[in-house]
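Each chain is listed here by its residues.
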Amino acid sequence: MNKAIAELEDVTAGYNGEAVLRNISLKVYPKDFIGVIGPNGGGKTTMVKVLLGIIQPFKGQVSFPSGKINIGYLPQASRVDRSFPISVEEVIQSGFKTGSAWWPRLSKAQKARSTKLIDETGLSAYRKRPIGELSGGQLQRVLLSRALINQPELLILDEPNTYVDKNFEGELYKWLQELNKNMAIILVSHDVGTISSMVKTIACVNQNMHYHPSNEVTAGMLESYNAPLKIVAHDKAPRSILNKHI
Ligand SMILES: Nc1ncnc2c1ncn2[C@@H]1O[C@H](COP(=O)(O)OP(=O)(O)OP(=O)(O)O)[C@@H](O)[C@H]1O
Ligand SMILES: [Mg+2]
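Throughout, a residue's number is its position along its own chain's written sequence, starting from 1. Going through the entries in the order they are written, you letter the chains from A and number the ligands from 1. Where local features are concerned, this predicted model is filtered to residues with pLDDT of at least 70; where side-chain atom pairs are given and counted, the filter is 80 or more; whole-chain, interface and lining totals use all residues. Water and hydrogen atoms play no part in the side-chain values, which are based on all heavy atoms of the structure.

Undergrad: What should I look at first to understand the coordination of the magnesium ion (ligand 2) in this one?
TA: By definition of the ideal shapes, a tetrahedral metal site with four donors has angles of 109.5 degrees and an octahedral site with six donors has angles of 90 or 180 degrees. Only T45 (OG1) and Q76 (OE1) from the protein coordinate the magnesium ion (ligand 2), and they sit 2.0 to 2.3 Å from it. Of this pair, T45 sits in helix 1 (residues 44-52) while Q76 sits in the loop between strand 5 (71-74) and helix 2 (88-93), and the two are 31 residues apart along the sequence. Both residues of the pair, T45 and Q76, belong to the buried class. Coordination here is defined by N, O and S atoms within 2.8 Å of the metal (3.2 Å for Na, K and Ca), and since water is not considered, a site can look incomplete. Going along the chain from the N terminus, every DSSP run of H or I of four or more residues is numbered as a helix, and every run of E of two or more is numbered as a strand. Each residue is assigned to one of three classes by its accessible area relative to the maximum for its type, calculated with a 1.4 Å probe on protein chains only: buried under 20%, partly exposed between the two thresholds, exposed over 50%.

Dropping the structure here:
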């Protein structure tokens, strides 16, 4: 078995001394594709922030057993400050790790990488546009490009399908399947149909966590961890939701 590339060990975390996640453990292996589901406020984004080192756990450990890794991160859309006067290209390039704390001096290779990503995500026409003038879907493309700029070993996407149209959603999912050949992916999503059709394993997060080593979404998981309405609204609910939770 491979070594894990990221690991949470018995993590309890939260805000202002109040725990929102309790005793969470998770191992991420190379080429994992983990779907994270759970109700609003269940602690999914908090778990992601612990992995990224944005917040420190009250208890437990975050480690990278196979050494330092690059993590690409697409934050949940509603949390991005769009009033900041910065262009599409600048946002994407801000993902590069550079020596300068103030303004990055990009190498030729970095410029080429950024141009390639901008083309691939269909953003060429918006390159110089301030992000405040983008639609929600366009902004998601920009943030995904930024997340990929360092060719991460682990890509974490927090609800990437918010605001995007079906067309881009389809493209995004195909792209994720392709990316997953070279990197581990953690996908937080309320779209259970998508989760079960794309991911390899599922983590249910609602204060605590249950890890399911398959991509089968069961009725029990939905009852405890998701709003059943989402399923009713989804036109292609997987048959496996009828299976019993184990
Ligand atoms: N910066 C913060 N300060 C204080 N409490 C917070 C903060 N961020 C989140 N919380 C609280 O922590 C709990 C978990 O929030 P979190 O954002 O991790 O949930 P989530 O599962 O990502 O929800 P959603 O599906 O709505 O994105 C919630 O009760 C939330 O109000
Ligand atoms: Mg969240």
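Undergrad: Even after reading the chapter, I still don't get the site of ligand 1, so can you show me in this structure?
TA: Nearness is judged by heavy atoms alone; a residue qualifies as near a molecule or strand once a single heavy atom is within 4 Å of it. Around ligand 1 sit 14 residues in total, of which G41, K44, T45, T46 and Q76 are the nearest. Between ligand 1 and Q76 there is a distance of 2.8 Å, counted from an oxygen atom to a side-chain nitrogen or oxygen. Per-residue and other accessible areas follow the Shrake-Rupley method at a 1.4 Å probe size, with only the shown protein chains counted as cover for residues. In isolation ligand 1 exposes 640 Å². Once the protein is present, 66% of that is buried. Looking at the shell around ligand 1, the element that brings in the most residues is helix 1, giving three residues. Under this grouping Gly is polar, as are all residues other than the nonpolar Ala, Val, Leu, Ile, Met, Phe, Trp, Tyr, Cys and Pro and the charged Asp, Glu, Lys and Arg. Of the residues in the shell around ligand 1, the class split is three nonpolar, eight polar and three charged. Contacts described as polar in this section are N or O atom pairs within 3.5 Å, which, within protein, must combine one atom able to donate a hydrogen with one able to accept it, while residues neighboring in sequence count only if both atoms come from side chains.

Undergrad: I keep staring at the sheet that holds strand 7 (residues 184-188) and nothing clicks. Help me out?
TA: Note on sheets: strands pair through backbone hydrogen bonds, and any given pair is parallel or antiparallel. Any two strands are treated as partners once DSSP identifies two or more bridges connecting them. Strand order in this open sheet of six strands is 5-6-7-3-8-9, and the pairing throughout is mixed. Both outer strands of the open sheet, strand 5 and strand 9 (208-212), are each paired with one neighbouring strand and no more. Strand-to-strand twist of the sheet, defined as the mean angle between neighbouring strand axes without regard to direction, takes the value 15°. Across the sheet, helix 1 is in contact with strand 3 (33-37), strand 5, strand 6 (154-158), strand 7, strand 8 (201-206) and strand 9; its angle to strand 5 comes to roughly 150°. As a rule, the C-alpha atoms of each element are fitted with a line to give its axis, helices using only the stretch in contact, and angles between N-to-C directions run from 0 to 180 degrees. Every residue pair with non-hydrogen atoms within 4.5 Å of one another is taken to be in contact.

Undergrad: What is the right way to look at the pattern of salt bridges in this model?
TA: Note on pairing: side chains with opposite charge can pair once their charged atoms come close. A pairing counts as a salt bridge when a side-chain nitrogen of Lys or Arg comes within 4 Å of a carboxyl oxygen of Asp or Glu. Inspection of every chain in the model, using the stated rule, returns five salt bridges. The salt bridge involving D10 is made with K59; its shortest N-O contact spans 3.5 Å. Remark: K59 occurs in strand 4 (residues 59-63) and D10 occurs in strand 1 (residues 6-15); sequence separation between them is 49 residues. The class for K59 is partly exposed, based on a relative accessible area of 38%. A salt bridge links E120 to K116, with the shortest nitrogen-to-oxygen separation between them at 3.2 Å. Here the residue E120 and the residue K116 both occupy positions in helix 3 (residues 108-120), the gap between them amounting to four residues, near one helical turn. On the basis of relative accessible area, E120 is assigned to the partly exposed category, the value being 41%. Each of the salt bridges in this network shares a partner with another, and the network as a whole consists of E89, R127 and K128.

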